[in-house]
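Per-entry structural report
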Amino acid sequence: MDTVLVLLGAGLLEAMQPINLLMIFLGCTIGLLIGAMPGLGSVNGVAILLPITFLVPPTAAIIFLAAIYYGAMYGGAISSITLGIPGASTAVATVFDGRPLAQAGKADRALTAAAVASFIGGTISVVLFTLFAPPLAEFALKFGPPEEFALMVLAFATFIGLGGDDIPKTIFSILIGLVLATIGLDIISGKPRLIFGDISGFLHGINFLVLAIGIYGIGEMLWTLEQTQGKVTVHKVKMSFARLFRNLQDVRHYIGTTSLGSAVGYFVGTLPAAGATPASLMSYGLAKTFSRDPDSFGKGNIAGVAAPEAGNNAASTGSMLPMITLGIPGSPTTAILLGGMIIWGLRPGPLLFTEHPDFVWGLIGSLYIANLVTLLLNLAFIPVFVKVLTMPFTILAPVIFILCVVGGFAPTQTMHDVWLMFLFGVAGYFLRKLNYPVAPAVLAIVLGPLAERSLRQSLLASQGDPLIFVERPLSATCIAIAVLLACYPLVRKLRRRSA
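Summary of the structure given here. (Residues numbered from 1 in each chain as written. Predicted model: local features only at pLDDT ≥ 70, side-chain atom pairs only at ≥ 80, totals over all residues. Heavy atoms only, no water.)

Section: the overall build of the chain
Selection criterion: Numbering of helices and strands starts at the N terminus; helices are DSSP runs of H or I of at least 4 residues and strands are runs of E of at least 2. Note on exposure labels: buried denotes an accessible area under 20% of the residue type's maximum, exposed denotes more than 50%, and partly exposed covers the range between, all computed with a 1.4 Å probe on protein chains only. Working rule for contacts: check all heavy atoms of both residues, and any pair within 4.5 Å makes them a contact. Accessible surface is estimated by sampling points in the Shrake-Rupley manner with a 1.4 Å probe; for residues, cover comes only from the protein chains shown.
The helix and strand inventory of the chain stands at 22 helices and 2 strands. In the chain, buried positions account for 56% of the 499 residues. Sequence-distant contacts in the chain: of pairs separated by 6 or more residues, those separated by 24 or more amount to 78%. Element-wise, carbon and sulfur atoms account for 70% of the exposed surface of the chain, whose accessible area totals about 20700 Å².

Examining helix α20 (residues 439–461)
Our working definition: Under the convention used throughout, the expected extent of a helix is 1.5 Å for every residue step, that is, one less than its residue count. Here the bend at a residue means the angle between the axes of two seven-residue stretches, the one that ends at it and the one that starts at it.
Under the 1.5 Å per step criterion, the end-to-end length of α20 is 33 Å for 23 residues, consistent within 8% with the ideal 33 Å. Maximal helix bending in α20 amounts to about 40°, located at Leu 447; proline Pro 449 follows within four positions.

What to know about the packing of aromatic side chains
Quick reminder of the rule: We call Phe, Tyr and Trp rings a pair once their centres come within 6.5 Å, taking the six-membered ring for Trp, and we label the pair stacked below 30 degrees between planes, edge-to-face above 60, and tilted otherwise.
Summed over all chains, the structure comprises 6 aromatic pairs. Relative to Phe 297, the ring of Tyr 284 has its centre 5.7 Å away and its plane inclined at 75°; by these criteria the two rings are edge-to-face. With a gap of 13 residues between them, Tyr 284 in helix α12 (residues 276–289) and Phe 297 in the loop between α12 and α13 (303–318) connect regions that are remote in the sequence. Classification of Phe 297 as buried rests on a relative accessible area of 6%. A ring pair is formed by Tyr 429 and Phe 430, whose centres lie 5.1 Å apart and whose planes are at 65°; its orientation type is edge-to-face.

Description of the pattern of salt bridges
Put simply, the test is: Any Lys or Arg side-chain nitrogen located within 4 Å of an Asp or Glu carboxyl oxygen qualifies as a salt bridge.
Overall, the coordinates contain 6 salt bridges when judged by the stated rule. The partner of Arg 193 in a salt bridge is Glu 452, with the nearest N and O atoms 2.8 Å apart. Here Arg 193, found in strand β2 (residues 192–193), pairs with Glu 452, found in helix α20; they are 259 residues apart in sequence, far enough to count as distant. Accessibility expressed as a relative area gives 19% for Arg 193, which makes it buried. Glu 452 serves as the salt-bridge partner of Arg 456, at 3.1 Å between the closest nitrogen and oxygen. Here Glu 452 and Arg 456 lie together in helix α20, a separation of 4 residues that amounts to about one turn. On the basis of relative accessible area, Glu 452 is assigned to the buried category, the value being 15%. One salt-bridge network, in which partners are shared between bridges, spans Asp 186, Arg 193, Glu 452 and Arg 456.

Quick notes on the packing of α12 against α20
Worth spelling out the cut-off: Axis lines are fitted to C-alpha atoms, over the contacting stretch for helices. Their N-to-C directions set the angle, which ranges from 0 to 180 degrees. Here roughly perpendicular refers to angles of 65 to 115 degrees, roughly parallel to angles under 35, roughly antiparallel to angles over 145, and oblique to all remaining angles. Crossings are sorted by hand: turned counterclockwise from the far helix by less than a right angle, the near helix makes the crossing left-handed, and turned clockwise it makes it right-handed. Gly is put with the polar residues, along with every residue not named as nonpolar or charged; the nonpolar set is Ala, Val, Leu, Ile, Met, Phe, Trp, Tyr, Cys and Pro, and the charged set is Asp, Glu, Lys and Arg.
Orientation of α12 relative to α20, taken along the N-to-C sense of each, is 130°, at an axis distance of 10 Å. With respect to α20, the axis of α12 lies oblique. Of the two elements, α12 crosses α20, and the hand of that crossing is left-handed. Of α20, the residues touching α12 (which contributes Thr 277, Pro 278 and Leu 281) are Leu 443, Val 446, Leu 447 and Leu 450. Across the contact of α12 with α20, the residue classes tally to 6 nonpolar, 1 polar and no charged.

Here we look at the environment of Ala 10
With respect to the helices and strands, the residue Ala 10 is situated in helix α1 (residues 2–15). Taking the C-alpha atoms as reference points, Ala 10 and Trp 361, 351 residues apart in sequence, are found 7.2 Å from one another.

Section: the environment of Gln 249
Among the secondary structure elements, Gln 249 is positioned in helix α10 (residues 241–249). Accessibility expressed as a relative area gives 37% for Gln 249, which makes it partly exposed. For the pair Gln 249 and Ala 113, spaced 136 residues apart in sequence, the C-alpha to C-alpha distance is 9.8 Å.

Comments concerning α12
Between its terminal C-alpha atoms α12 stretches 20 Å, which fits the 20 Å expected from 14 residues at 1.5 Å a residue. Taking burial as the measure, the 14 residues of α12 include 14 buried ones, the bulk of the element.

Regarding the side chain of Asp 417
Note the cut-off: Charged residues are defined here as Lys and Arg on the positive side and Asp and Glu on the negative side; His and the ends of the chain fall outside this count.
Tracing the chain through its elements places Asp 417 in helix α19 (residues 415–433). Salt bridges are absent for the buried Asp 417, whose nearest opposite-charge side chain, Arg 193, sits at 16 Å. Apart from residues no more than four positions distant in its own chain, Asp 417 is found in contact with His 204, Val 210, Gly 408 and Thr 412.

Quick notes on the packing of helix α11 (residues 251–270) against α13
Their axes nearest at 7 Å, the elements α11 and α13 cross at an angle of 30°. As the angle between them shows, α11 and α13 are arranged roughly parallel. The two elements α11 and α13 cross, and the hand of that crossing is right-handed. Along the contact surface, α11 presents Tyr 254, Thr 257, Thr 258, Gly 261, Ser 262, Gly 265, Tyr 266, Gly 269 and Thr 270, while α13 presents Ala 303, Ala 306, Ala 307, Ala 310, Gly 311, Ala 314, Ala 315, Thr 317 and Gly 318.

Here we look at a nonpolar patch on the surface
Put simply, the rule is: Patches here: salt-bridge-free residues with over 30% relative accessible area, like charges joined within 9 Å, nonpolar side chains (Val, Leu, Ile, Met, Phe, Trp, Tyr) joined within 5 Å.
On the surface, Val 127, Leu 131 and Phe 132 cluster together into a nonpolar patch covering about 220 Å² of accessible area. Mapped onto the secondary structure, Leu 131 falls in helix α6 (residues 107–141). When its relative accessible area of 35% is taken as the criterion, Leu 131 is described as partly exposed.

What to know about unusual backbone geometry
Phi is positive for Leu 194, which is not a glycine, with a value near 50°. Along the chain, Leu 194 falls in the loop between β2 and α9 (208–228).

With respect to the environment of His 204
Note on placement: His 204 falls in the loop between β2 and α9. Put simply, His 204 and Ile 183 are 21 residues apart on the chain and 8.1 Å apart in space, counted from C-alpha to C-alpha. With residues up to four places along the chain from it excluded, the contact list for His 204 reads Thr 412, Thr 414, His 416 and Asp 417.

Structural notes on the side chain of Ser 125
With respect to the secondary-structure elements, Ser 125 resides in helix α6. The buried category is assigned to Ser 125, whose relative accessible area is 0%. Dropping the residues within four chain positions of it, Ser 125 is found in contact with Tyr 70, Tyr 266, Asn 313, Ala 314 and Thr 317.

Here it is as structure tokens:
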């Protein structure tokens, strides 16, 4: 333990070198802006700015890219709360309760909760990273395809709680999402499937952001226009230090949820190829499942903002664990970071801690500082973010529309996805009118490809024997927990009837 503290102290000193400190501030600021821009996200941001890092030493370069990653995780909540448009797939769960809070004139409360929960999640994950990196890396390696599929089943079980008491509609919504997730090329044979005749635009599948932006951007705008007949009341928020202090005191209401989301997020993040998106979705689902007031989720529950933000920030740190200790990227963004490390002659793996301790502990130390810097930047810019909501709806609606189009076009740069986004917007509007929960469908399309890949790999390895999922201890445990979570809403409903 003493050795770890000494190494961490040396890492913090390395991170506070002038060039590294500058890279942290610059990376966090750029990442914040990248995360807030719909359709851009940390992957594109890190990839675009990778060539710039050749102007600085390797340690400063990786610290800069990691700071962008951290800042983008924070920034995704900004557009989710203020405009109802997810900045990235990692922030879609933040829309569920963040947007209703903004519409109720509590945007500052939601933004503060997002920043504080992100800080808590990031801090907990960095501490876990510091203390338990080697054993956790070895444990993550035990997760093969059966365990990955069992984890996805566990994630789907948490979705049951997202639809309230109407479980059949929730399951229907999940199934719709899973069907949409299968559109494109078959992962085994490579043959096209569900491409509606011969529409080439469907060959690359349905991008998650296209669906999310369509439903929560276009669909929400159509719903608002119908409900208000164009006469939208602007909720003005007067920012002050007293109000900020009260918002910071709210942490006691969601500290439990935040801690749970942090633990879940870090664990999911350490699994190779899992990433921050499933982590944030699972954190939200668990927060609602175990809440004393689950019906308030989706209507402006502050815990519904804190849980996914803690989860995605914890996962962003967790995804660096397999990258550094094993050379296996834990997310698309860390895959780019891995490429950068190899370019600079830093070979990730167990020997990295002994061969380049200054780099490893300097990077870990920079995560502590980047976490604090991004929190302060977020809190400082809250008045600016809130100003967006004071714009007249006649100006705000076109801005939202343009951002939706840009966000729909950015991932694949095809007009096919833009038209598809409009179609999903109309579909989301009608689903809302019919009281169908759209969140489970959106979440299912994220985890659908991951679940299908691990399912088919497992069945190929077992020659079609489904018992492989219950014969392995880790996968059997995940499936057992999933069954309990799926039954929990039913038990709660029966208790209400008997009471």
